[in-house]
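# Residue-level structural notes
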Amino acid sequence: MSQLSGTATESAATQALAQARAAAQAASSRESERILAGIGLVVLAVACFATLDTATKISTASVPILMGVWFRYAFQAVATTAVLLPLRGTALLRTAHPRYQALRGALLLGSSLFAFMSLRYMPLAEFTSIVLIAPLVITLLAATTLKEQVSPLRWTLVAGGFAGTLVILRPGGGAFSWAILLPIGLVMTNAWFQVLTSKLAQTENPLTMHFYTGWVGTLLASLAVPFAWTALPSWHWWALLCLMGLMGTVGHFMLILAYQRAPASTLTPYLYAQIAFAMLGGWLMFSHVPDVVSLVGMAMIAVCGAAGAWLTVRERRVPIEPAES
């Protein structure tokens with residue numbers, strides 16, 4: 001009888017162990033699916049941002065820059081409010097730092113103005129590569145302004161990223177012009193935007209931050225847009241403006257969904273897929289293909305920038321958002 005009881009106990013233990021293993025495998029499988037979904041959403045998000053930049057470059061031919069920026073933010077603000085306010089109610093409006101929310105929105109609006117002006121004069125792929133050094137600039141700001149300790153590896157990545165930028169710009173060569181200063185302005189404003197985002201993310205809801213970013217940009221742009229408003233020659237330009245607003249809004253929502261599904265340290269390197277999408281957009285719409293030297297510079301920025309951004313997220317657990325118009 002005792003032997004039968006012992007056998008039954010061992011069988012029950014074996015069965016429980018098998019069930020525990022099956023449950024662990026199922027949980028691991030679900031986690032893998034969530035991570036893959038997060039990666040897919042990030043890739044789709046940067047594809048939206050590349051489409052936004054491509055449409056922005058086309059729009060600068062006939063649409064005043066201030067008008068384009070205003071429409072892009074107004075579309076995002078209205079769409080965000082229509083989706084989020086019914087879901088979260090007045091909780092969406094609660095913030096402990098309204099002044100910082102306003103400053104964050106103003107910085108992103110400044111980035112957008114620099115982006116629109118840059119895209120009027122620069123090829124898409126080169127523009128995208130330069131603005132994606134923003135995570136490296138954040139490292140520089142952290143060391144010089146915030147007095148944070150920076151490892152030798154980080155300094156090496158910063159140096160490599162800036163070297164890649166110089167390879168693309170080629171100061172003193174035919175590729176260099178005053179327009180190069182525009183994406184540099186974008187990088188600086190976006191870097192401060194990211195630094196402020198990392199501070200606010202410790203206490204603020206990301207959906208609330210997204211809401212205020214859209215409305216601050218809209219309200220500030222509304223002050224200037226009456227002086228730039230003009231009648232567009234055809235409905236095609238209005239459709240293009242709607243596409244810009246849609247791509248910016250959908251791209252941001254996809255980023256939010258992605259970061260809800262996978263760690264930022266896993267997703268951040270995939271932001272640099274935007275360079276490939278920008279090259280595709282430049283080739284399809286403008287028949288522009290970067291030369292070999294520019295491709296080398298882009299590769300240097302992508303590798304150093306992705307590694308630097310990954311380290312930033314690993315150390316601070318804060319998502320890095322791509323710089324987009």
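The following paragraphs examine the structure supplied in this document. Predicted model only: the values in this text are computed from it and were never measured. Note on numbering: residues in each chain are counted from 1, in written sequence order. Selection of residues for local features in this predicted model requires a pLDDT of at least 70, selection of side-chain atom pairs for listing and counting requires 80 or more, and totals for whole chains, interfaces and linings are taken over all residues. Side-chain measures were taken over the full set of non-hydrogen atoms in the model, leaving aside hydrogen atoms and water.

### Observations regarding the overall build of the protein
When helices and strands are counted, the protein shows 12 helices and 0 strands. Buried residues are those whose accessible area, probed at 1.4 Å on protein chains only, stays under 20% of the maximum for their type, while exposed residues exceed 50% and partly exposed ones sit between those limits. Taken over 325 residues, the protein has a buried fraction of 48%. For the protein, restricting intrachain contacts to residue pairs at least 6 apart in sequence, the fraction spanning at least 24 positions comes to 89%. Accessible area of the protein: about 15400 Å², with a carbon and sulfur share of 69%. Helix and strand assignments come from DSSP, with helices taken as H or I runs of at least 4 residues and strands as E runs of at least 2, each series counted from the N terminus. Should any heavy atoms of two residues lie within 4.5 Å, those residues are considered in contact. What sets the accessible areas is the Shrake-Rupley method with a 1.4 Å probe; for residues, cover comes only from the shown protein chains.

### Topic: helix α8 (residues 206-224)
For a helix, the expected span equals 1.5 Å multiplied by the number of residues minus one. Here α8 contains 19 residues, and its C-alpha end-to-end distance of 28 Å stays within 8% of the 27 Å for a straight helix at 1.5 Å per residue. Along α8, the positions that sit buried rather than exposed are Leu207, Thr208, Met209, His210, Phe211, Tyr212, Thr213, Gly214, Val216, Gly217, Thr218 and Ala221. Between a side-chain oxygen at the N-terminus of α8 and the backbone nitrogen of leucine 207 the separation is 2.7 Å; the capping residue is asparagine 205. Under this definition, polar contacts are N or O atom pairs within 3.5 Å; protein pairs additionally need one hydrogen-donor-capable and one acceptor-capable atom, and for neighbouring residues in sequence, both atoms have to be side-chain atoms.

### Concerning the side chain of serine 111
Turning to its location among the elements, serine 111 is positioned in helix α3 (residues 98-121). In contact with serine 111, other than residues within four places in its own chain, are Leu186, Thr189 and Asn190.

### Let's talk about helix α2 (residues 65-88)
Since the α-helix turns once every 3.6 residues, residues separated by three or four places project in the same direction. The end-to-end C-alpha distance of α2, which contains 24 residues, comes to 34 Å, matching closely the 34 Å that a straight helix rising 1.5 Å per residue would cover. To obtain the bend at a residue, axes are fitted to the seven residues ending there and to the seven starting there, and the angle between these axes is taken. By the largest-angle criterion, threonine 81 marks the main kink of α2, which is about 30°.

### Overview of the packing of α3 against α8
The angle between two axes is taken between their N-to-C directions and runs from 0 to 180 degrees, where each axis is a line fitted to C-alpha atoms and a helix contributes only its stretch in contact. Running from N to C, α3 and α8 cross one another at 65°; their axes reach a closest spacing of 8 Å. Along this stretch, α3 crosses α8, giving a crossing that reads as right-handed. Where α3 abuts α8, its residues Gln101, Ala102, Arg104, Gly105, Ala106, Leu108 and Leu109 lie against Thr208, Met209, Tyr212, Thr213, Val216, Gly217, Leu220 and Ala221. Within the contact of α3 with α8, the residues separate by chemical class into 9 nonpolar, 5 polar and 1 charged. Handedness of a crossing is defined here by the sense of rotation of the near helix relative to the far one, left-handed for an anticlockwise turn of less than a right angle and right-handed for a clockwise turn. For this classification, the nonpolar set comprises Ala, Val, Leu, Ile, Met, Phe, Trp, Tyr, Cys and Pro, the charged set comprises Asp, Glu, Lys and Arg, and every other residue, Gly included, is treated as polar.

### So, the packing of α3 against helix α7 (residues 181-200)
Between α3 and α7, the least distance of the axes is 8 Å, while the angle of their chain directions is 155°. Between α3 and α7, the interaxial angle falls into the category roughly antiparallel. Both α3 and α7 take part in a crossing whose hand is left-handed. Broken down by class, the residue content of the contact of α3 with α7 amounts to 15 nonpolar, 8 polar and 1 charged. Should an angle lie under 35 degrees it is considered roughly parallel, over 145 roughly antiparallel, and from 65 to 115 roughly perpendicular; all remaining angles are considered oblique.

### Topic: the nonpolar core
What is meant by a nonpolar core is a set of buried Ala, Val, Leu, Ile, Met, Phe, Trp, Tyr and Cys residues, joined one to another through side-chain atoms within 4.5 Å. In terms of nonpolar packing, the biggest core is built from 70 residues, with Phe127, Leu255, Leu267 and Leu271 touching the most fellow members. Those residues in contact with phenylalanine 127 that lie beyond four places of it in its chain are Asp53, Ala115, Ser118, Leu119, Met122, Pro183 and Leu186. Grouped together as the second largest cluster of nonpolar side chains are 7 residues, Leu84, Phe211, Tyr212 and Ile256 included.

### Some words on the packing of aromatic side chains
Remark: the centre distance and the inter-plane angle together describe each pair of aromatic rings, the angle taken between the planes. Aromatic rings from Phe, Tyr and Trp, with only the six-membered ring used for Trp, were paired whenever their centres fell within 6.5 Å, and each pair was classed as stacked if the ring planes differed by under 30 degrees, edge-to-face if by over 60, and tilted otherwise. This structure, assessed with the given rule, holds 5 aromatic pairs. Here the aromatic rings of tryptophan 70 and phenylalanine 71 are separated by 6.4 Å at their centres, their planes lie at 65°, and the arrangement is edge-to-face. Taken together, the ring pairs in this structure connect Trp70, Phe71, Trp229 and Trp238 into an aromatic cluster. Lying across the ring of phenylalanine 286, lysine 57 places its NZ or CZ 5.5 Å from the centre. Our definition puts a charge over a ring when NZ of Lys or CZ of Arg is within 6 Å of the ring centre and also within 35 degrees of the ring normal.

### Points about the environment of valine 225
Summarising the element assignment, valine 225 is placed in the loop between α8 and α9 (235-261). Once the C-alpha coordinates of valine 225 and phenylalanine 71 are considered, the two residues, 154 residues apart in sequence, prove to be 9.4 Å apart. Contacts of valine 225, omitting those with residues within four sequence positions, involve Leu66, Met67 and Trp70.

### Side note on a nonpolar patch on the surface
Patches were defined on residues exceeding 30% relative accessible area and lacking a salt bridge, with like-charge contacts within 9 Å and nonpolar side-chain contacts (Val, Leu, Ile, Met, Phe, Trp, Tyr) within 5 Å. We define a salt bridge as a side-chain nitrogen of Lys or Arg found within 4 Å of a carboxyl oxygen belonging to Asp or Glu. There is a patch of nonpolar side chains on the surface, built from Leu280, Trp283, Leu284, Met285, Phe286 and Val289 and spanning about 610 Å² of accessible area. Turning to its location among the elements, tryptophan 283 is positioned in helix α11 (residues 273-286). Residue classification places tryptophan 283 among the partly exposed residues on the basis of a relative accessible area of 49%.

### Some details on the side chain of glutamate 126
Looking at the secondary structure, you find glutamate 126 in helix α4 (residues 124-131). A distance of 3.1 Å separates polar atoms of two side chains, one belonging to glutamate 126 and the other to histidine 288. Once you skip the residues sitting within four places of it in the chain, glutamate 126 turns out to touch Ile168, His288, Pro290, Ser294 and Met298.

### With respect to unusual backbone geometry
Residue serine 287 is not a glycine yet carries a positive backbone phi of 55°. For serine 287, a relative accessible area of 64% puts it in the exposed group.

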